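Report on the structure
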Amino acid sequence: MFKVISSNVCKKSLTRFSIVAQAHTAAPVAPGHHAVEHQFKQTEVYPRIGNREIVGFGRNGEPSYFDAPDCPCPAIRWREESPEIKALREKAKGDWSNLTLEEKKALYRADFRSTISETTAPTGDWKFMLGSLLGIMGATIWGYYFFTKKIYPVKLENSSREHQARMLERMIAESAGRVEGVSSKWDYEKGTWKK
């Protein structure tokens, strides 16, 4: 069954189709529209999605439900058909002013799990991420403290000031880095650093 929905806002027509459980192909459409044949075998698709109606292309052409603000029309309905929902759908084929607000909400919730505003609402995931980041940083600091104080408490000989002074004297004696290094800043005639 195809239903063409006209939109005054974007001047385009939207086609909504549904494939019932007994049909193998889509129903014929009004002149001017292309017939859309679904590519799924009922024996493969309907055990996976249950008794839910396929109502559109969806996000990627697969009959699956996914809430996303960039693709607001999922391929299948959220809930399976129940006698109450069938009765509401029959009632909705008439005048919608006869429906109560609760019936309209029930119809909406049968098609969609959440509204667009519920989908885009902040979830608070940033708190978890920030807490995880701070926890990892704290563990890193404590690990560094543990390794420097408990595992490697002995200072190596080459990290002492006396050893570094001896190495500097040796580099000057060997003229290491005469062009731009340490020896270039040493005055060999006076025996002092250049000014």
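Our subject is the structure listed above.
Summarised in this report is the structure supplied together with it. (Residues numbered from 1 in each chain as written. Predicted model: local features only at pLDDT ≥ 70, side-chain atom pairs only at ≥ 80, totals over all residues. Heavy atoms only, no water.)

**Considerations on helix α2 (residues 83-92)**
Each full turn of the α-helix corresponds to 3.6 residues, which orients residues three or four apart in the same direction. Counted only if it meets this: The classification of residues rests on relative accessible area computed with a 1.4 Å probe and restricted to protein chains. Under 20% of the type maximum is buried, over 50% is exposed, and intermediate values are partly exposed. Working definition: helices are DSSP H or I runs of at least four residues, strands are E runs of at least two. Numbering for both runs from the N terminus. In this context, the arc is that of the directions from the helix axis out to the C-beta atoms. Contacts are assigned to residue pairs with any non-hydrogen atoms lying within 4.5 Å of each other.
Of all the residues in α2, the buried ones are Ile85, Leu88, Arg89 and Ala92. Projected down its long axis, α2 shows its buried positions confined to an angular sector of 100°, all on one face. With respect to the buried face of α2, the exposed residues turned more than 90 degrees away are Pro83 and Glu90. Buried residues belonging to α2 abut α3 (101-111).

**A word on unusual backbone geometry**
The backbone phi angle of Ser175 is positive, close to 55°, even though this residue is not glycine. Position of Ser175 relative to the elements: it lies in the loop between α6 (161-173) and β3 (186-187).

**Quick word on the state of the cysteines**
Quick note on the threshold: Cysteine sulfur atoms that pair up within 2.5 Å are treated as a disulfide.
For the structure on display, the rule yields 0 disulfides. Cys71 takes part in no disulfide bond, and the closest cysteine sulfur, belonging to Cys73, lies 7.0 Å away.

**Digging into the packing of aromatic side chains**
What counts, and what does not: In this scheme Phe, Tyr and Trp rings, the latter by its six-membered ring, pair at centre separations within 6.5 Å, and the angle between planes marks the pair as stacked below 30 degrees, edge-to-face above 60, and tilted otherwise.
Counted according to the given criterion, the structure contains 5 aromatic pairs. On the numbers, 5.0 Å between centres and 55° between planes, the contact of Tyr65 with Trp78 is tilted. Residue Tyr65 is found in the loop between α1 (42-49) and α2, and its partner Trp78 is found in the loop between α1 and α2; the two are separated by 13 residues along the sequence. On the basis of relative accessibility, which here comes to 16%, the residue Tyr65 falls in the buried class. Given a relative accessible area of 32%, Trp78 falls into the partly exposed group. An angle of 70° between the planes, with centres 5.8 Å apart, marks the rings of Phe146 and Phe147 as edge-to-face.

**Quick word on empty space enclosed by the protein**
Going by this rule: Put plainly, a pocket is an open set of points on a 1 Å grid over the protein atoms alone with protein on both sides within 12 Å along at least five of seven lines, a cavity is a set where a 1.4 Å probe fits but cannot get out, and a lining residue has an atom within 4 Å of a point. Grid points are joined across faces, edges and corners, and a volume is the space filled by probe spheres set on the points. Any residue that is not Ala, Val, Leu, Ile, Met, Phe, Trp, Tyr, Cys, Pro, Asp, Glu, Lys or Arg is counted as polar, Gly included; the first ten are nonpolar and the last four charged.
In the structure shown here, the tally under the stated rule is 1 cavity of 30 Å³ or more. Reported here for the largest cavity is a volume of approximately 40 Å³. Lining of the largest cavity is provided by Gly58, Arg59, Ser64, Phe66, Cys71 and Pro74. Grouping the constituent residues of the lining of the largest cavity by class yields 3 nonpolar, 2 polar and 1 charged.

**Some words on a nonpolar patch on the surface**
Here is the rule: In this scheme, patches are assembled from residues that exceed 30% relative accessible area and form no salt bridge. Like charges are connected within 9 Å, while nonpolar side chains (Val, Leu, Ile, Met, Phe, Trp, Tyr) are connected within 5 Å. Here the accessible surface of atoms and residues is derived via Shrake-Rupley with a 1.4 Å probe, and residues count as covered only by protein chains that are part of the display. Each reported salt bridge corresponds to a side-chain nitrogen of Lys or Arg within 4 Å of a carboxyl oxygen of Asp or Glu.
A grouping of Trp126, Leu130, Leu133, Leu134 and Met137 is seen on the molecular surface, where their side chains present a nonpolar patch of about 540 Å² in accessible area. Locating Trp126 in the fold gives a position in helix α5 (residues 125-151).

**Brief notes about the packing of α2 against α3**
Keep this limit in mind: With axes taken as lines fitted to C-alpha atoms, and helix axes fitted only over the stretch in contact, angles between N-to-C directions fall between 0 and 180 degrees. Note on convention: the crossing is left-handed when the near helix lies turned anticlockwise from the far helix by less than a right angle, right-handed when the turn is clockwise.
As a packed pair, α2 and α3 sit with axes 10 Å apart at the nearest point and diverge in direction by 115°. Crossing geometry of α2 relative to α3 is assigned as left-handed. Taken together, the residues of α3 that come into contact with α2 (itself represented by Ile85, Leu88, Arg89, Lys91 and Ala92) are Glu103, Ala106, Leu107, Ala110 and Asp111. Class assignment of the residues belonging to the contact of α2 with α3 gives a composition of 6 nonpolar, no polar and 4 charged.

**Describing the pattern of salt bridges**
Applying the stated criterion to the full structure yields 11 salt bridges. As a salt-bridge pair, Arg59 and Asp70 come within 3.3 Å of each other at their nearest N and O atoms. Here Arg59, found in the loop between α1 and α2, pairs with Asp70, found in the loop between α1 and α2; they are 11 residues apart in sequence, far enough to count as distant. Since its relative accessible area comes to 45%, Arg59 is described here as partly exposed. Glu90 is paired through a salt bridge with Lys93; the nearest N and O atoms lie 3.2 Å apart. Each of Glu53, Arg77, Glu81, Arg89 and Asp111 takes part in salt bridges that share partners, so that together they form one network.

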